[in-house]
Amino acid sequence: MTEHTAGTYQCYYLSQGAWSERSDPLELVVTGSYYSKPRVSALPSPVVTSGGNVTLQCGSRVAFDRFILTKGGEDRLSWTLDSQVDLGGQVQVLLPVGPVTCSHRWTFRCYGYNRNRPQVWSWPSDPLELVIPGGSGKPSLLSQQGPIVASGQNLTLQCRSDISYDRFVLSKEGGQDLPQSSVLQPQAGLSQASFPLGTVSSIHGGQYRCYGGHNLSSEWSAPSDPLDILVAGWLHYRPFLTVQPGPTVASGENVTLLCQSQSWKDTFLLAKEGAADPPLRLRSQSRAQQHQAQFSLGPVTSAHGGTYRCYSSHSTSPYLLSQPSDPLELLVSAQGLQWYWNVLIGVSVALVLLLFLLLFLFLRHQHQSKGRMLGTTDQEPKDRGLRTRCCHEGPSSWGGHGAGLSGCCLCCPPGCDLRPADSLGRQRGDKCTPFLPVRGAPR
């Protein structure tokens, strides 16, 4: 069929020389006669809570006089609206819709045409399906290139779930359309889909979520956790990154990474190469005509080791970053921790040895004291017996000696000092010593 075939048709018949009444008119529409197709979107977002309202927008750069919005499904509704010119010079129509529920799907398309050829329409827009989040398990969203992508790089986002969804949709905060992707080769308990977003530019910066759904259901899953996509290289000034106390540190130490810029920026970001986590973000501080932020890490472990870069940005455009700083590699060694362990072990061994030494000295002292006490106890009775025997076997007097005894100590009266005597009975020292009679001495 061609655009010349388009039009309104009726039929009637001839019977017995008379024509019947005309049938109801049949309008035959031909689409695709215009090279440009319009675009349908939802304001403020194609993600709508159950019972909420939304405004559909159909627009085109081609100056169509009218637009037709159609709703798929069992009811197959359509609306014809006169176009209006917006501030950007495009023609568009706005159609409020709602309240929306998850009882059926809300899929829309739009066409453009001119009044003088009402049956010749443009190509249909890409379909837009409103997403009404439900309570089923949320999928996860990740970027194959990481959260920070360079301007001009290709970007692909991937949505996955351990639930066997048939399809996924991707939404961007503030976005008006909703890319949809079918699951490729779904497996039991696992489903995923990729969303190629093309060459990165400033429009790709923002916050994304994805939803999972089933072909036979109009309800979608709960949203994934948000994923921030940051576009680097949009701001031309490059900050520089330094580290204190140095690029090589021992495990357990505290480290400070300092990001600085001579041009004014109110936000700095610190990213680790290969990390899936979003970068750290701090407000800028001005010191000595420098704008900077201090990122404190510590006590560091081996997991902190790696290559770091920092970026600057403005809070008015938080997803557009500067050129990255030169890379800084942080090395975390375990030598410091090993040194602490060696010192601790050495001190512990020294304390144990000191305790054993003190115990040995104490036991030795106890043993010697006990030996002296036993020796004194054993000697004293012998001396006492000898003196008693001397005193009983012969008379004793100061300076005298036991009669008829040889080698016997002199006995002293009570209360007097014991004085030794030589063989003649004379005093000569302060120690009791045995004496021997001298030959020829008087008895």
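Whatever comes next refers back to the structure up there.
Residues numbered from 1 in each chain as written. Predicted model: local features only at pLDDT ≥ 70, side-chain atom pairs only at ≥ 80, totals over all residues. Heavy atoms only, no water.

Caption draft 1: Representation of the overall build of the chain. From N to C terminus, the chain includes one helix and 32 strands. Counting every position in the chain, which comprises 443 residues, the buried fraction comes to 34%. Of the contacts made within the chain by residues no fewer than 6 positions apart, 63% connect residues no fewer than 24 positions apart. When the accessible surface of the chain is totalled, it reaches about 27200 Å², and 54% of it is carbon and sulfur. (Helix = DSSP H or I, 4+ residues; strand = E, 2+ residues; numbered from the N terminus. Buried < 20%, exposed > 50% of the residue type's maximum accessible area, 1.4 Å probe, protein only. Contact = heavy atoms within 4.5 Å. Areas by Shrake-Rupley, 256 points an atom, 1.4 Å probe, with all protein chains shown as cover.)

Caption draft 2: The arrangement of unusual backbone geometry in detail. The omega torsion across L43 and P44 is 0°, close enough to zero to call that bond cis. Its location among the elements puts P44 in the loop between β6 (39-43) and β7 (54-60). With an omega of -5°, the peptide bond between G98 and P99 qualifies as cis. Positionally, P99 belongs in the loop between β11 (91-97) and β12 (107-113). Of note in the backbone geometry, Q16 takes a positive phi value of approximately 55° without being a glycine. By the secondary structure assignment, Q16 is in the loop between β2 (14-15) and β3 (18-19).

Caption draft 3: Representation of the packing of aromatic side chains within the structure. Scanning all chains against the criterion turns up six aromatic pairs. Of the aromatic side chains, those joined through ring pairs into one cluster are Y111, Y113 and W121. Between the NZ or CZ atom of K71 and the centre of the ring of W106, over which it lies, the distance is 5.0 Å. (Phe/Tyr/Trp six-rings, centres within 6.5 Å; stacked < 30°, edge-to-face > 60°. Lys NZ or Arg CZ within 6 Å of the ring centre and 35° of its normal.)

Caption draft 4: Region of interest: a nonpolar patch on the surface. On the surface, L354, L355, L357, L358, F360 and L361 cluster together into a nonpolar patch covering about 600 Å² of accessible area. Position of L357 among the secondary structure elements: in helix α1 (residues 335-393). (Patch = residues over 30% accessible without salt bridge, like charges linked within 9 Å, V, L, I, M, F, W, Y side chains within 5 Å. Salt bridge = Lys/Arg side-chain N within 4 Å of Asp/Glu carboxyl O.)

Caption draft 5: Inspection of the pairing of β12 at higher detail. Within β12, six of the seven residues are buried, which leaves the element mostly enclosed by the surrounding structure. Relative to β12, strand β8 (residues 66-71) is paired through six bridges, and the arrangement is antiparallel. Looking at β12, one finds that F67 is bridged to G112. In terms of strand pairing, β12 meets strand β14 (residues 128-129) through two bridges, oriented antiparallel. Bridge pairing links T107 to E129 in β14. (Pairing = 2+ DSSP bridges.)

Caption draft 6: Layout of the pairing of strand β32 (residues 328-333). Bridge count between strand β24 (residues 248-250) and β32: three bridges; the pairing is parallel. Paired with A250 across the two strands is S333, which belongs to β32. Bridge count for strand β30 (residues 306-314) against β32 is three bridges, and the pairing is antiparallel. Following the sheet pairing, T307 is matched in β32 by E329.

Caption draft 7: Up close: the state of the cysteines. Under the definition given, this model contains three disulfides. Across the disulfide, C58 is cross-linked to C110 (sulfur-sulfur distance 2.0 Å). Where C58 bonds to C110 through sulfur, the torsion about that S-S bond is close to 75°, and the disulfide is right-handed. Residue C58 is located in strand β7, and its partner C110 is located in strand β12; the two are separated by 52 residues in the primary sequence. The residues C58 and C110 share a single accessibility class, namely buried. Put simply, C159 and C210 are joined by a disulfide, and their sulfur atoms are 2.0 Å apart. In this structure, the disulfide formed by C159 and C210 twists by about 70° around the S-S bond and is classed as right-handed. With C159 in strand β17 (residues 154-161) and C210 in strand β21 (residues 206-213), the pair connects residues that are 51 residues apart, well separated along the chain. Each of the two residues, C159 as well as C210, counts as buried. (Disulfide = S-S within 2.5 Å.)

Caption draft 8: Representation of the nonpolar core in the model. Ranked by size, the top nonpolar core spans 29 residues in total, and within it L56, V97, V100, W106 and L130 carry the most contacts. Listing elements by their share of this core, those giving two or more residues are β6, β7, β8, β11 and β12. If you tally residues by element for this core, the top one is β11, at four residues. Leaving out residues up to four positions away in the same chain, V100 has contacts with V48, T49, S50, G51, G52, W106, L130 and I132. L170, Y208, C210 and L320 belong to the second-largest nonpolar core, a separate cluster that totals 18 residues. (Core = buried A, V, L, I, M, F, W, Y, C linked by side-chain atoms within 4.5 Å.)

Caption draft 9: Layout of the side chain of K71. Examined against the element boundaries, K71 turns out to sit in strand β8. For K71, a relative accessible area of 4% puts it in the buried group. For K71, the side chain forms a polar contact with the side chain of H104, separated by 3.4 Å. At 3.4 Å, the side chain of K71 forms a polar contact with the backbone oxygen of R105. Beyond its immediate sequence surroundings of up to four residues, K71 is in contact with R76, L77, W79, H104, R105, W106, T107 and F108. (Polar contact = N/O pair within 3.5 Å; in protein donor to acceptor, adjacent residues only side chain to side chain.)

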